[in-house]
Structures are given as C-alpha cells and as structure tokens.
Amino acid sequence: MDQTTLTRPETEATLAAKPVILTGDRTTGPLHIGHYAGSLKNRLALQDTHEQYLLLADTQALTDNAHDIGKVRRNVLEVACDYLAVGIDPVRTTICLQSHLPALAELSMLYLNFVSVARLERNPTIKDEIRARGFGRDIPAGFLCYPAAQAADITAFKATVVPVGEDQAPLIEQCNEIVRRVNAAAGREVLPEAQALIPEAGRLPGIDGRAKMSKSGGNAIPLSASEDEISRAVRAMFTDPEHLRVEDPGKVEGNVVFAYLDAFDSEKDDVAALKAHYARGGLGDAVLKRRLEDILQALLAPIRARRAEVASDPAQVHRIIAEGTQVAREVTEATKREVMDALGLFRL
Ligand code: ATP
Ligand code: MG
C-alpha cells in the first residue's frame, strides 16, 4: 500500500450527503469469522454508500481487561490489520482509535447523567456478559457503564446506522434512550437516533458450541488462522454428541457445523438438503466437515495473504490509524461542543 492511498477524494459536500456509520471492535484479540459474518461483510458492502467510521475500541476493551493493558495495546495494530486484510479501504472508511478521541470520554461523562444504574443493570447484553465473565458482585464500574460510552461513540459521529452483531441490539436501544433524553433536555433534536443493522446470520457460535464465538472465549477461528489451524478447528467442532453411527438420525439444531454452513455456504439449497439428510440419518459428520473446511479455506486464504502483506509494514498501518484519528477528532469535538451548547452548559 503506498502513501497516496491515504488521500481522501471526497469533498465536504459529498460527505455530508451520505448517511453516517459508526462501528468498531474491542482491541482484545484478532478478529474471527464471527466478525466476518456478523459485521465485517456489512461494513465492506457499505463503504461506498456511507460515510463510515471504524473505531478501534481500546478504552472499551479496558472495561474488562484492566489487568492486561498490554493485550489491549498490542491488538490495536492486529485489529487494524484485520480490517485492511478483509478489504476495508482507509480512503473510504475512517479507522480511528478510541483512547485518542477525548470528546468520546467527555460525552460519556455527560451521558451518564441521562441513564440510571438500574437501567444499565437491566441491559440484557450487559447481564449476559457479566455472567459470562463471572464478575459476580465485582463488576468494574467502567464495564457497567460502557453502554453510555458506546452511546457517546455512536452519537459523537452522528451515526444513524450501526452494523453490528445481534448481541449488540440492546446497546443500540439504550443509546437511543439516552439520545431521546439528551434531546429532551436540550429542547431540540441535537442528536439523531441510530439503527442497528443486524445480518441475517445472527450470532455465530464458537467451535465448542457452548457460547457465541468471541475473541476472549478461546473458541474462535481467527481470520488470520493458518490452513492447519482451520483444519484442526473444523475437526474439533461440536456437532451432535449422540450421533454415534452414520446411519443414526442427527440433530441439526445446536450443531455448530450447520450454523457455519448457514453463515458461509452460498449453496442454500444444498445446505437445506444436507440438513434433511442428517436429521433422517445416513449422513456422517466427516462429509459435512469436509465441505465446511473447503469453504473456510477458500474464504480465509486470500484474507491471510493480504494480511501478511499489510502486517509487513506496521508503520503504514500506524499512519493509517493516526490519520483517521485526526479526522475523527475534528468530527467528535464539533459534536461535543454542539451537545454542551444545546444542553446550556457555561461557555468560556
Ligand atoms: P470480546 O470477547 O473481547 O468481547 P468479541 O469477539 O465479542 O470480543 P467484540 O469486539 O465484542 O468481539 O464485537 C465486535 C462486533 O462483532 C460486534 O458488533 C459484535 O456483535 C460482533 N460479533 C462478535 N462476535 C460475534 C459472533 N460470534 N457472531 C456475530 N457477530 C459477532
Ligand atoms: Mg464482545
């Protein structure tokens, strides 16, 4: 990638005409095929028609990783490499770093006054995540409050479209509640409401079938997985533990291989026929796994090659993030000023 790819050809007028998208990823590990099915594919499709910002959410990652800040720091470049490897174009999409956008933290502090602790505790995503992380009563305050911070992220860019996985829908709902309260306090519509764009594939389970695939769960197939890692992951994949002999009827529901075929196999009729055959009996796991492995190998080979190319020049990736963050800083500072003024805070 040469330096010239960084110039942004759009004028202010063309930018203003496009709806704004804000999404991002916590910098907790390399992105996985759940991200590909759940959000990256949508982001790729939308980068021409929308003004798109991708947030490397390192401060949000701290809310449950304060004990391992090194991991959060190291994965900033990893996640950026994944974006570029799947085809996110830094000319059309602004990649920016959350911890270097002070307006996001300032808006978060303001928004915390427009949401109750009880409401934060009732958020179904937060409830699930608290359970999954085993926090018990020791919930970091930053973690409980991250929906307000996410509302700051979305609104600071005046985003109206948020392409996310299904697990994030309650967070967008909570963001819109905050928006309505801020607008009511301001007496005018200073912030727009946002809409979650959720892909049909829904939430991809992890290879163990126990929870959703997640960077922190040890159950993911990263986009950077080697051929061998893909093979091993597919072989280890959870199917139906009671499907012992090929001729036995098998369970499709909860079978991870079918969940992945639904997400990645473009031959939908074939998949439907395979499901029927499996449920009837006479179709072994090995045949299904071979088909899935071929699909995943074909999907990930070009991404892996492109990633190696991108990662060979970390200084360039660094520059892309720095430049995107500079662009984002101007946008977010302007919104922060507008919100403060609309709420009637003292002006200096
Ligand atoms: P962590 O384990 O650190 O929480 P994660 O794998 O859950 O990481 P996030 O950074 O929390 O990833 O999520 C980023 C985006 O990817 C969100 O929009 C989320 O909905 C989507 N996403 C994450 N995991 C999946 C999945 N398994 N299936 C579909 N979408 C997903
Ligand atoms: Mg997550």
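For every chain, the first residue of the written sequence is number 1, and numbering continues from 1 onward in sequence order. Following the order in which they are written, the chains are lettered starting with A and the ligands numbered starting with 1. With pLDDT at 70 or above as the cut-off, local features in this predicted model cover only qualifying residues; side-chain atom pairs require 80 or more to be listed or tallied, and sums for whole chains, interfaces and linings still use all residues. Computation of side-chain values covers all heavy atoms of the structure but excludes hydrogens and water.

Draft legend 1. Up close: the overall build of the chain. Within the chain one finds 15 helices and five strands. Taking the principal axes of the C-alpha coordinates as reference, the chain spans close to 75 × 50 × 40 Å. Of the contacts formed within the chain by residues at least 6 apart in sequence, a portion of 79% connects residues at least 24 apart. For the purpose of counting charges, residues Lys and Arg are taken to be positive, whereas Asp and Glu are taken to be negative. His and the chain ends are not included. By convention, charge coordinates are those of NZ in Lys, CZ in Arg, CG in Asp, or CD in Glu. Charge-centre separation for the chain: the mean point of 41 positive side chains lies 3 Å from the mean point of 49 negative side chains. Elements are defined by DSSP. Helices are runs of H or I of four residues or more, strands are runs of E of two residues or more, and each kind is numbered from the N terminus. We call two residues contacting when some pair of their heavy atoms lies within 4.5 Å.

Draft legend 2. Inspection of the site of ligand 1 at higher detail. Working definition: residue near molecule or strand if any one of its non-hydrogen atoms lies within 4 Å of it. In the vicinity of ligand 1 there are 22 residues, among which Thr28, Asp167, Lys212, Lys215 and Ser216 approach most closely. Here a polar contact means two N or O atoms within 3.5 Å. Within protein one must be a hydrogen donor candidate and the other an acceptor candidate, and residues neighboring in sequence count only if both atoms are side-chain atoms. Contact between ligand 1 and Lys215: an oxygen atom at 2.6 Å from a side-chain N or O atom of the residue. Accessible areas in this description were obtained via Shrake-Rupley with a 1.4 Å probe; residue shielding takes into account the shown protein chains only. Considered on its own, ligand 1 offers 600 Å² of accessible surface; in the complex 96% of this is hidden by protein. Breaking the shell around ligand 1 down by element, the ones donating at least two residues are β1 (20–26) and α2 (33–46). Considering each element in turn, the shell around ligand 1 owes the most residues, four residues, to α2. Residues of the shell around ligand 1, tallied by class, amount to three nonpolar, twelve polar and seven charged. Charged residues are taken to be Asp, Glu, Lys and Arg, nonpolar residues to be Ala, Val, Leu, Ile, Met, Phe, Trp, Tyr, Cys and Pro, and polar residues to be all remaining types, Gly included.

Draft legend 3. Highlighting the pairing of strand β3 (residues 93–97). Burial classes: relative accessible area under 20% of the type maximum marks a residue as buried, over 50% as exposed, and values in between as partly exposed (1.4 Å probe, protein chains only). Buried residues dominate β3, accounting for five of its five residues. Neither face of β3 is exposed, since Thr93, Ile95 and Leu97 on one face and Thr94 and Cys96 on the opposite face are all buried.

Draft legend 4. Just the environment of Val327, in detail. One can find Val327 in helix α15 (residues 314–343). The class for Val327 is partly exposed, based on a relative accessible area of 26%. For the pair Val327 and Lys127, spaced 200 residues apart in sequence, the C-alpha to C-alpha distance is 35 Å.

Draft legend 5. Broad picture of the nonpolar core. Among buried residues, the Ala, Val, Leu, Ile, Met, Phe, Trp, Tyr and Cys ones that are joined through side-chain atoms within 4.5 Å form a nonpolar core. Ranked by size, the top nonpolar core spans 49 residues in total, and within it Ile33, Ile221, Tyr260 and Phe264 carry the most contacts. The element contributing the most residues to this core is helix α4 (residues 69–86), with eight residues. For every domain, the bounds stem from an assignment made automatically or drawn from a database. Each of two domains, domain 1 (3–205 + 313–343) and domain 2 (215–305), supplies a minimum of three residues to this core. Excluding its chain neighbours within four sequence positions, the residues that come into contact with Phe264 are Ile33, Tyr36, Ala37, Leu204, Ile295, Leu296 and Leu299. Counting residues in hydrophobic clusters, the runner-up holds 42 residues, among them Tyr111, Val115, Ala152 and Ile178.

Draft legend 6. Main features of helix α9 (residues 146–156). Most of α9 sits inside the fold, with ten of its eleven residues counted as buried. All of the buried residues in α9 are Tyr146, Pro147, Ala148, Gln150, Ala151, Ala152, Asp153, Ile154, Thr155 and Ala156. Two residues or fewer past α9, Lys158 is found with a positive phi of approximately 55 degrees.

Draft legend 7. View of helix α11 (residues 227–236). Of the positions making up α11, those classed as buried are Ile230, Ser231, Ala233 and Val234. The arc enclosing the buried residues of α11, seen along the axis, measures out at 165 degrees, which places them on a common side. In α11, the exposed residues that point more than 90 degrees away from the buried face are Arg235 and Ala236. Against α14 (285–311) lie the buried residues of α11. Regarding the arc, it is the one traced by the directions from the helix axis to the C-beta atoms.

Draft legend 8. Here's a closer look at unusual backbone geometry. We note that Lys158 has phi near 55 degrees; this positive angle belongs to a residue other than glycine. The exposure class assigned to Lys158 is partly exposed, which follows from its relative accessible area of 27%.

Draft legend 9. The domain arrangement of the chain, seen in detail. According to the domain assignment, the chain contains domain 1 (3–205 + 313–343) and domain 2 (215–305). Averaged C-alpha coordinates put domain 1 and domain 2 at centres separated by 31 Å. Tallying the contact residues gives 18 residues for domain 1 and 16 residues for domain 2. Accessible area that two parts lose when put together, with a 1.4 Å probe and added across both, is what the buried area reports. Carbon and sulfur atoms make up 71% of the area that domain 1 and domain 2 hide from each other, which totals about 1,500 Å². Ranking the residues of domain 1 by area buried against domain 2 places His32, Ile33 and Pro205 at the top, with a combined share of 40%.

Draft legend 10. View of the packing of aromatic side chains. Two rings from Phe, Tyr or Trp (for Trp, the six-membered ring) form a pair when their centres are within 6.5 Å of each other. A pair whose planes differ by under 30 degrees is stacked, one over 60 is edge-to-face, and the rest are tilted. Scanning all chains against the criterion turns up four aromatic pairs. On the numbers, 4.5 Å between centres and 35 degrees between planes, the contact of Tyr53 with Phe157 is tilted. Residue Tyr53 is found in strand β2 (residues 51–57), and its partner Phe157 is found in the loop between α9 and β4 (161–163); the two are separated by 104 residues along the sequence. You'll find Tyr53 and Phe157 in the same group, each marked buried. When the centroid spacing of 5.2 Å and the interplanar angle of 70 degrees are considered together, the rings of Phe135 and Phe143 count as edge-to-face. Each member of the pair, Phe135 together with Phe143, is buried. Within the aromatic cluster, the residues linked to one another by ring pairs are Phe135, Phe143 and Tyr146.

Draft legend 11. Spotlight on the side chain of Asp248. Mapped onto the fold, Asp248 is located in the loop between α11 and α12 (256–264). Exposure remark for Asp248: the relative accessible area of 16% places this residue in the buried category. Excluding its chain neighbours within four sequence positions, the residues that come into contact with Asp248 are His243, Tyr278, Gly281 and Gly282.

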